[in-house]
Amino acid sequence: MNDYLPLLKRQLALDFNCSPEDFDKGESVITESALNEGRRAYDADIPFFQMATLGKSAVISADKRLHPFLREYIRAEQGHWLFEQPRLFALEAELNKYSYTLNHSHHLFLYDKTSDTHGVIRKYPVKWFYGKEEIEDFYGDSRFSNALCAEYTPERPDTIAVCAYDGDKIMGMAGCSEDAPHWQQIGIDVLPEYRSMGVGSYLVNILKDEIIRRGDIPFYGTGLANYHSWNIALKCGFRPVWVEMNAMKKQE
């Protein structure tokens, strides 16, 4: 994992329009949002508000109209405390003034190269799918909403999918999208009747290995309370490294 940390900070610096060193400071940092080349492109618009921490300082990139409020928001608080619910109430109220609301928090993992994943031993027959032409038949299939994007997305295309099979029946799928150049985010879906059998861990583990073999960086994201997903990540050698939160436009 340590090998990936400098690369991660450089990527986050593009995403949050800051310096890599800002994530290690003792105080939080506010920057103006920008669409830097090479950023992770989850939205075509300039972010109105987004915040990240690696456990020390928080970096917030936001519309300049929020900066006076944010300077007070970060005052005398360690970065990780800014993500706690009591602090978020005030942030949500400020965002509402501009017709925005907080989106989900994203808990993100990097692979730790020193980890032992030999515990992922149960194997299943699999089939690999590469690129748009081989993956596109799965778009629109609600069984794989975590493994794949809802549709082909050129800004962060799905690059690899791998399915485990019980005869001709798919048991589960792991997939990855290239959210930024060489940064492959892994997602996993296992059909209900095949859960708790090691299918998810096996698929994530072999997909992680394939990503590394191709010279890219695997990372994994999940929600705060999705502990089944957390356990898959941990079992496959991923470790929690950073948390992100952003805002989205309120629905009319």
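Quick caveat, the model's predicted, so the values are computed rather than measured.

1. Topic: the overall build of the protein
Move 1: A count of helical and extended segments in the protein gives 6 helices and 10 strands.
Move 2: Against the globule reference of 18 Å for 252 residues, the protein gives a C-alpha radius of gyration of 19 Å, in line with a compact fold.
Move 3: Referenced to the eigenvectors of the C-alpha coordinate spread, the extents of the protein come out at roughly 60 × 45 × 35 Å.
Move 4: Taken over 252 residues, the protein has a buried fraction of 49%.
Move 5: At a minimum sequence separation of 6, the contacts of the protein that also span at least 24 residues come to 67%.
Move 6: In the protein, 28 side chains carry a positive charge and 37 a negative one; their mean positions are 3 Å apart.

2. Describing the pattern of salt bridges
Move 1: Under the defined criterion, the tally for this structure stands at 13 salt bridges.
Move 2: Between Arg 75 and Glu 72 there is a salt bridge, with its nearest N and O atoms 2.8 Å apart.
Move 3: Taking relative accessible area as the criterion, Arg 75 reaches 53% and is therefore assigned exposed.
Move 4: The partner of Arg 87 in a salt bridge is Glu 77, with the nearest N and O atoms 3.5 Å apart. Residue Arg 87 is located in helix α3 (residues 85-96), and its partner Glu 77 is located in the loop between α2 (67-73) and α3; the two are separated by 10 residues in the primary sequence.
Move 5: Of the residues examined, Arg 87 reaches a relative accessible area of 22% and is grouped as partly exposed.
Move 6: Exposure remark for Glu 77: the relative accessible area of 28% places this residue in the partly exposed category.
Move 7: Residues participating in the shared-partner salt-bridge network are Asp 15, Arg 40 and Glu 244.

3. Side note on empty space enclosed by the protein
A probe matching the size of a water molecule, rolled over the atoms, marks out where space remains unfilled.
Move 1: Under the criterion given, the structure shown has 1 cavity of 30 Å³ or more.
Move 2: If you add up the space inside the largest cavity, you get close to 30 Å³.
Move 3: Here the lining of the largest cavity gets 4 residues from one element, more than from any other, and that element is helix α1 (residues 5-16).
Move 4: Classifying every residue of the lining of the largest cavity gives 5 nonpolar, 1 polar and 2 charged.

4. Here we look at the nonpolar core
Move 1: The biggest cluster of nonpolar side chains holds 58 residues, and the ones touching the most others in it are Leu 110, Tyr 220, Phe 238 and Trp 242.
Move 2: It is helix α5 (residues 199-213) that contributes the most residues to this core, 7 residues altogether.
Move 3: In contact with Trp 242, other than residues within four places in its own chain, are Leu 8, Leu 12, Arg 40, Thr 53, Leu 54, His 106, His 107, Leu 108, Phe 109, Leu 110 and Phe 219.

5. A short note on the pairing of strand β10 (residues 238-249)
Move 1: With 4 bridges joining them, strand β2 (residues 49-53) and β10 adopt antiparallel strand pairing. Within β10, the position partnered with Gln 50 by the bridge is Asn 246.
Move 2: Bridge count for strand β4 (residues 100-111) against β10 is 10 bridges, and the pairing is antiparallel. Its bridge partner lying in β10, Leu 110 is registered against Arg 239.

6. Things to note about the sheet that holds strand β7 (residues 169-180)
Move 1: Read across the open sheet, the 10 strands follow the order β1-β3-β2-β10-β4-β9-β8-β7-β6-β5; overall the sheet is mixed. Each of the sheet's edge strands pairs with one partner strand only, and the pair in question is β1 (29-32) and β5 (126-130). Geometrically, the sheet is characterised by an average inter-axis angle of 25° between neighbouring strands, direction not taken into account.

7. Points about the environment of Tyr 202
Move 1: When you line up the elements, Tyr 202 lands in helix α5.
Move 2: According to the relative accessible area criterion, Tyr 202 is buried, its value standing at 11%.

8. What to know about the layout of surface pockets
Move 1: The computed volume of the second largest pocket comes to approximately 340 Å³.
Move 2: What lines the second largest pocket is a set of 16 residues, and nearest its centre among them are Phe 83, Leu 88, Ser 105, Leu 224 and Met 245.
Move 3: Those elements giving two or more residues to the lining of the second largest pocket turn out to be α3, β4 and β10.
Move 4: The dominant element in the lining of the second largest pocket, judged by the number of residues it contributes, is β4, at 5 residues.
Move 5: The class makeup of the residues in the lining of the second largest pocket is 7 nonpolar, 7 polar and 2 charged.

Reading the values: the criteria
- Residues numbered from 1 in each chain as written.
- Predicted model: local features only at pLDDT ≥ 70, side-chain atom pairs only at ≥ 80, totals over all residues.
- Heavy atoms only, no water.
- Helix = DSSP H or I, 4+ residues; strand = E, 2+ residues; numbered from the N terminus.
- Rg over C-alpha atoms; globule rule 2.2 N^0.38 Å.
- Buried < 20%, exposed > 50% of the residue type's maximum accessible area, 1.4 Å probe, protein only.
- Contact = heavy atoms within 4.5 Å.
- Lys, Arg positive; Asp, Glu negative; His and termini not counted.
- Charge placed at Lys NZ, Arg CZ, Asp CG, Glu CD.
- Salt bridge = Lys/Arg side-chain N within 4 Å of Asp/Glu carboxyl O.
- 1 Å grid on protein atoms, 1.4 Å probe; cavity = no way out; pocket = protein on both sides within 12 Å on 5 of 7 lines; lining within 4 Å.
- Points joined across faces, edges and corners; volume = space filled by probe spheres on them.
- Nonpolar A, V, L, I, M, F, W, Y, C, P; charged D, E, K, R; others polar.
- Core = buried A, V, L, I, M, F, W, Y, C linked by side-chain atoms within 4.5 Å.
- Pairing = 2+ DSSP bridges.
- Axes fitted to C-alpha atoms, helices over the stretch in contact; angles between N-to-C directions.

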